[in-house]
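Results of the structural survey
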Amino acid sequence: DVLDPERLIQCPLVKHHRIRARRFPYHLVKCKESNPEIAKKLATCPFNARHLVPQNDLSDHIMKCNDKAFMEQDVVSRSCEPPEEQLNNGSTWQAPPCDEDWETELLEGPESTFVWS
């Protein structure tokens, strides 16, 4: 199961490293620091920072990346929303109804008068 935090994932830097999915982002940071020469040869996927691929294979990876679909779906859903300028210029927000009536409360008289001294 892809969403299982306990599943083991192979490290893209050191192939014999197998890490639990929940610890994988932390491992990548440490492993990059420990293996700077290997890390230089890898590129990070623009759709998922957990995807490290050889620099020469990055364009291929981008074309096939499963996370690309999520990004495209997000872009499409945002394009269906009204533009930011339209929201700022013609806001349709209305204040909720207020149950307070200060004039009536004033006529009824306060239970205790506040005096600023």
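Residues numbered from 1 in each chain as written. Predicted model: local features only at pLDDT ≥ 70, side-chain atom pairs only at ≥ 80, totals over all residues. Heavy atoms only, no water.

You'll find the protein entered in an unreviewed UniProt entry as GTSF1 factor, with Helopsaltes ochotensis given as the organism.

Concerning the nonpolar core
Formed by Ile 9, Cys 11, Leu 13, Val 14, Ile 19, Ala 21, Phe 24, Leu 28, Cys 31, Ala 39, Leu 42 and Leu 52, the largest nonpolar core amounts to 12 residues. Filtering out sequence-adjacent residues up to four positions away, Leu 13 remains in contact with Leu 28, Cys 31, Lys 32, Asn 35, Ile 38, Ala 39, Leu 42 and Leu 52. (Core = buried A, V, L, I, M, F, W, Y, C linked by side-chain atoms within 4.5 Å. Buried < 20%, exposed > 50% of the residue type's maximum accessible area, 1.4 Å probe, protein only. Contact = heavy atoms within 4.5 Å.)

What about a negative patch on the surface?
Judged by side-chain charge, Asp 99, Glu 100, Asp 101, Glu 103, Glu 105 and Glu 108 come together as a negatively charged surface patch. By the element assignment, Glu 105 lies in helix H6 (residues 102-108). For Glu 105, a relative accessible area of 47% puts it in the partly exposed group. (Patch = residues over 30% accessible without salt bridge, like charges linked within 9 Å, V, L, I, M, F, W, Y side chains within 5 Å. Areas by Shrake-Rupley, 256 points an atom, 1.4 Å probe, with all protein chains shown as cover. Salt bridge = Lys/Arg side-chain N within 4 Å of Asp/Glu carboxyl O. Lys, Arg positive; Asp, Glu negative; His and termini not counted. Charge placed at Lys NZ, Arg CZ, Asp CG, Glu CD. Helix = DSSP H or I, 4+ residues; strand = E, 2+ residues; numbered from the N terminus.)

As for helix H1 (residues 24-34)
Buried within H1 we find Phe 24, His 27, Leu 28 and Cys 31. All buried residues of H1 project into a common sector of 105 degrees when viewed along the axis, lining one side. Opposite the buried face of H1, at more than 90 degrees from it, the exposed residues are Lys 30 and Glu 33. Elements that come into contact with the buried residues of H1 comprise strand S1 (8-10), strand S2 (18-20) and strand S4 (52-54). (Arc of directions from axis to C-beta.)

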